[in-house]
Amino acid sequence: MTPRPHRIAIAPSGFKESLSAARVAEAIATGVRRVIPDAELDLIPLVDGGEGTAEALALAGGGRLVPVTATGPVGNPVASHFALLGGPGPLTAVVEMAAVAGLALVPPDRRHPGATTTYGVGELIRAALDAGARRILVGCGDSGTSDGGAGALQALGARLTDRHGREIRPGGGSLHELEHIDPSGLDPRLADADLLVACNPYNVLCGKRGVARVFGPQKGATPAEVELLSAGLERLAAVLTRDLAPASGATAPDLRTAPGTGASGGLGAGLAAVGARLLPRYDVLLDGLDLDARLARADFVITAEGALDHQTVRGKIPAEVARRAQAAGIPVLVLAGTIGPGAQDVRAVGVDAYSAILPAPMTLGEAIGRSSEFLADATERAMRIMALGTRLTRLDPLAA
């Protein structure tokens with residue numbers, strides 16, 4: 001009897017500023033086929049709300065991308081987009097904050113989260129409303145901002161002023177000057193729209209694990225700037241709670257510490273204050289993929305992300321995939337661009353093995369430029385090691 005082909009599910013995230021999730025999945029598939037040409041591969045590229053989310057959901061939902069020119073994170077116009085999805089029910093739009101305020105849009109010499117803005121996110125939400133959308137999903141991730149969504153609120157019509165009645169400057173660095181928020185100019189269509197924010201529930205706005213302290217350094221903030229941003233976000237939460245949430249008629253969560261309020265540099269808190277619902281991102285973004293059943297049909301799962309470290313277990317795609325695969329008893333391999341401190345923690349969520357893809361020390365530019373090649377090669381190496389292990393087990397009659 002001829003044995004059936006191996007079934008392998010390939011469910012990676014994208015590599016930020018390098019490869020989309022779809023291209024990562026294709027590179028891994030290339031490596032698998034070099035070793036197991038007849039394998040049955042199920043490619044399931046996944047998104048976490050960051051780069052590529054709008055495009056991926058448009059493809060999955062029979063929708064389309066709508067191009068928009070909007071204000072980028074450093075204040076200049078950028079070519080951006082949102083998605084309109086197909087299907088029954090109210091017209092749904094997907095606003096990917098990374099497409100207009102992502103870190104990839106901030107030049108390396110201007111990575112200063114005290115000055116970057118989410119103004120363009122508000123512009124995309126208004127453009128989606130203009131297109132007739134009454135259900136708007138905002139994907140959070142890969143942000144280059146830390147303004148608590150202040151810029152987005154300004155673009156939606158709110159006035160954020162200092163004690164002299166002047167509009168505060170863009171960026172989280174000016175939030176400590178905030179005295180008052182006037183919601184009277186907010187786009188009235190928000191009241192009738194269902195605004196959903198797909199976010200990492202581990203990210204909170206304030207406190208010891210507040211978003212400025214956790215992610216500010218990654219966005220270019222110095223230790224002193226981190227403290228300034230943290231104080232500004234504390235101030236924003238207080239003023240939002242006092243001035244904005246009551247006027248909007250919304251029952252807002254605790255904007256300092258509720259799950260997801262720190263999403264995308266605090267964008268979650270700003271949108272929650274105007275009635276947005278903060279939802280665990282995978283509950284929203286994986287809807288319709290039938291992921292659990294597809295993983296359960298596999299003999300083996302390969303997932304991937306750009307950096308495997310202590311943040312992975314706090315809601316990153318490999319941890320989510322491993323958790324679901326573990327429930328079905330399916331082994332999981334993670335491939336990563338880099339492996340950092342805390343990577344070993346992923347074993348606790350169901351990862352059986354992990355490996356870095358870089359074959360030798362090199363510049364960041366070379367690593368990014370050749371990431372598809374390195375992924376395919378690393379997958380091939382991993383599959384050959386697994387094949388060798390299988391052969392050795394068969395040779396040992398005492399092996400379990």
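As the structure is a computational prediction, the values presented were derived from the model and not from experiment. (Residues numbered from 1 in each chain as written. Predicted model: local features only at pLDDT ≥ 70, side-chain atom pairs only at ≥ 80, totals over all residues. Heavy atoms only, no water.)

Glancing now at the side chain of Lys219. Looking at the element boundaries, Lys219 is found in the loop between helix H6 (211-215) and helix H7 (223-248). Here Lys219 sits buried without a salt bridge, and the closest side chain of opposite charge, Asp147, lies 8.5 Å off (N-O distance). A polar contact of 2.6 Å, which involves the side chain of Lys219, links it to the backbone oxygen of Thr145. Beyond its immediate stretch of four places on either side in the chain, Lys219 contacts Leu103, Arg111, His112, Pro113, Ser143, Gly144, Thr145, Ser264 and Gly265. (Helix = DSSP H or I, 4+ residues; strand = E, 2+ residues; numbered from the N terminus. Buried < 20%, exposed > 50% of the residue type's maximum accessible area, 1.4 Å probe, protein only. Lys, Arg positive; Asp, Glu negative; His and termini not counted. Salt bridge = Lys/Arg side-chain N within 4 Å of Asp/Glu carboxyl O. Polar contact = N/O pair within 3.5 Å; in protein donor to acceptor, adjacent residues only side chain to side chain. Contact = heavy atoms within 4.5 Å.)

Strand order in the open sheet formed by six strands is E3-E4-E5-E6-E9-E10, and the pairing between neighbours is mixed. Looking along the sheet, the strands with just one partner apiece sit at the ends: strand E3 (64-71) and strand E10 (277-280). On average, each strand axis in the sheet is tilted by 30° relative to the strand beside it, whichever way the strands run. Taken together, the five bridges between strand E6 (residues 135-139) and strand E9 (residues 194-199) define a ladder with parallel strand orientation. Bridging from a neighbouring strand, Arg135 pairs with Asp194 of E9. Across the sheet, helix H8 (residues 263-272) is in contact with E6, E9 and E10; its angle to E9 comes to roughly 155°. (Pairing = 2+ DSSP bridges. Axes fitted to C-alpha atoms, helices over the stretch in contact; angles between N-to-C directions.)

Before going further, it helps to examine the nonpolar core. With 62 residues, the main nonpolar core has Phe82, Val121, Ile125, Ile136, Val138, Ile181 and Leu271 as its most contacted residues. The leading source of residues in this core is H7, at eight residues. With near-sequence residues (within four places) excluded, Val121 lies in contact with Val95, Met97, Val100, Ala101, Ala152 and Leu267. Core analysis: the second largest hydrophobic core is formed by 24 residues, Ala25, Ile28, Ala29 and Leu41 among them. (Core = buried A, V, L, I, M, F, W, Y, C linked by side-chain atoms within 4.5 Å.)

A large share of strand E11 (residues 300-308) lies buried, amounting to seven of its nine residues. Here strand E1 (residues 7-10) pairs with E11 via three bridges, running parallel. Within the sheet, the bridge partner assigned to Ile10 lies in E11 and is Ile302. Sheet topology note: the E11/strand E12 (residues 332-339) ladder contains seven bridges and is parallel. By the bridge assignment for E12, Ile302 is matched with Leu333. At this point the chain moves from E11, through helix H11 (residues 317-327), to the parallel E12, and the crossover so formed is right-handed. (Right-handed = clockwise from strand over helix to strand, strands pointing away.)

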